[in-house]
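Coordinates in review
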Amino acid sequence: MSGVQTIRVGEDEGDQRLDRWLKKKFPQLGQIAIEKLCRTGQLRIDGGRVKPATRIEAGQEVRIPPLPDTAPAPARASRPLGPRVSDSDQQMIQAAVLWKDDHIIALNKPPGLPSQGGSGQGDRHVDGLTTALMFGYKDRPKLVHRLDKDTSGVLLLARTDRIARALSEAFRSRTTRKIYWAAVAGVPHPRMGTIRFGLVKGGGGRGDNEKMIAVHPRDIDATEGAKRATTDYAVLDALGTRASWCALVPITGRTHQLRAHMAELGHPIVGDGKYGGSGQENLGDGWGAQLGGEISKKLHLHARSLSFDHPITKKRITLTAPLPDHMARTWKTLGWHENDVPDDPFADVE
């Protein structure tokens, strides 16, 4: 058993999750042990309590409590790099590959598949299927951002730690650009604008299951836990006044940001039961989300495109994901056509 240690994070070790950094330093530590050390306050960064997912930065000091000296058994080293992936799941996740090179893999994530495991997410998620995405590399690719379980579209994975750090920094510094497509209730007015309501956790679950509450911009600073959030939106087409096709750009990246913002605007995303997008009634000037058949039964939110600077080539890459089946059927039903709208409706806006 070792004694208490204080380890400074190296210059080349920053910008990664605490649990992953610990596993590299101390292979005998499992995920459950790390979670317990965090929960009991034995693991600390610069004196503060942390979670396994806390991101470490170069120069920080990590307090490590006494740890067992036992090294992993030889048999452990021969285990697979991740959970076994069934043949059907392997075919599914490989068919979802939208683009790849020696450094990055991009998926068109199917709706209903969580990005990562967590509370209420079950055992089947993108992160758990990455052994099927190694394509000859020795390590599994790593998620550098996430999409909600029921949101489809472009999702990036990095094939090395170096690329993962570079892409994570690009998302934090907002040099990436994400455009989502959504079918929403009614028609927002004006037809192009910016939503600046803050968001605060409203309880009722964790992660994808947690509902966010919108906070008026004037009340954000006075509301405990509220974070500023900004979304640009543009109406691309409409079915009378009943429903519309919107492009959404999240300037910030808060949990459920697009869903909560559109609901607060009075135009929830079709199929979003959590934020009022599955209602069947037409109260007052309401819209009635049940447009017929299966339309309102699945979330109509899709990460249509993602632009980023390639960490190695420095070229600007733009990836576009086709609509998932349920949204493609809705578009056909409503007479909307993918090729009739600009790739970026905000491009000419000053």
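Residues numbered from 1 in each chain as written. Predicted model: local features only at pLDDT ≥ 70, side-chain atom pairs only at ≥ 80, totals over all residues. Heavy atoms only, no water.

For the protein, an unreviewed UniProt entry supplies the name Pseudouridine synthase and the organism Paracoccus haematequi. As its UniProt record puts it under Sequence similarities (unreviewed entry), the protein is described as follows: "Belongs to the pseudouridine synthase RluA family." Per its UniProt entry, the protein bears the Function (unreviewed entry) comment "Responsible for synthesis of pseudouridine from uracil." (UniProt positions renumbered as here; feature names shortened; annotations may be inferred.)

1. Here's the deal with the environment of Cys246
Along the chain, the position of Cys246 falls in strand 16 (residues 243-250). For the pair Cys246 and Leu236, spaced ten residues apart in sequence, the C-alpha to C-alpha distance is 5.4 Å. When residues no more than four places from it in sequence are discounted, the contact partners of Cys246 are Tyr180, Trp181, Ala182, Val184, Pro188, Ala234, Val235 and Leu236. (Helix = DSSP H or I, 4+ residues; strand = E, 2+ residues; numbered from the N terminus. Contact = heavy atoms within 4.5 Å.)

2. Here's the deal with the packing of aromatic side chains
A full pass over the atoms with the stated rule returns four aromatic pairs. Measuring from ring centre to ring centre gives 5.1 Å for Trp331 and Trp336, while their planes differ by 85°; the resulting arrangement is edge-to-face. Comparing Trp331 with Trp336 shows no difference in burial state: the two are buried. Pairwise contacts between aromatic rings join Trp181, Trp245, Trp331 and Trp336 into one cluster. Over the ring of Phe135 we find Lys100; its NZ or CZ atom is 4.8 Å from the centre of that ring. Note that Lys211 overlies the ring of Tyr275, its terminal NZ or CZ placed 5.5 Å from the centroid. (Phe/Tyr/Trp six-rings, centres within 6.5 Å; stacked < 30°, edge-to-face > 60°. Buried < 20%, exposed > 50% of the residue type's maximum accessible area, 1.4 Å probe, protein only. Lys NZ or Arg CZ within 6 Å of the ring centre and 35° of its normal.)

3. A short note on the packing of helix 1 (residues 18-25) against helix 2 (residues 31-39)
Where helix 1 meets helix 2, the closest approach of the two axes is 11 Å, and the angle between their N-to-C directions is 120°. The angle between helix 1 and helix 2 places the two elements in the oblique class. The hand of the helix 1/helix 2 crossing is right-handed. Every residue of helix 2 that contacts helix 1 at Leu18, Asp19, Leu22 and Lys23 is listed here: Gln31, Ile34 and Cys38. (Axes fitted to C-alpha atoms, helices over the stretch in contact; angles between N-to-C directions. Parallel < 35°, antiparallel > 145°, perpendicular 65-115°, else oblique. Left-handed = near helix turned anticlockwise from the far one by under 90°.)

4. Some remarks on a positive patch on the surface
Positive charge collects at one region of the surface, where Lys51, Arg174, Lys201, Lys227 and Arg254 lie side by side. Topologically, Lys51 is positioned in the loop between strand 4 (48-49) and strand 5 (55-56). (Patch = residues over 30% accessible without salt bridge, like charges linked within 9 Å, V, L, I, M, F, W, Y side chains within 5 Å. Areas by Shrake-Rupley, 256 points an atom, 1.4 Å probe, with all protein chains shown as cover. Salt bridge = Lys/Arg side-chain N within 4 Å of Asp/Glu carboxyl O. Lys, Arg positive; Asp, Glu negative; His and termini not counted. Charge placed at Lys NZ, Arg CZ, Asp CG, Glu CD.)

5. Points about the pairing of strand 17 (residues 301-309)
Counted residue by residue, strand 17 has eight buried out of nine residues, so it is predominantly covered. The pairing of strand 10 (residues 152-158) with strand 17 spans two bridges and is classified as parallel. Residue pairing for strand 17: Ser152 is matched across the bridge by His302. Two strands pair when backbone bridges link them, and strand 11 (residues 177-185) and strand 17 are joined in this way by six bridges, in the antiparallel orientation. Bridge assignment links Lys178 to a residue of strand 17, and that residue is Leu306. With five bridges joining them, strand 17 and strand 18 (residues 316-320) adopt antiparallel strand pairing. Among the inter-strand pairings, Asp309 is bridged to a residue of strand 18, identified as Arg316. Counting the residues in the hairpin turn of strand 17 and strand 18 gives six residues, including Lys314, whose phi is positive at 70°. (Pairing = 2+ DSSP bridges.)

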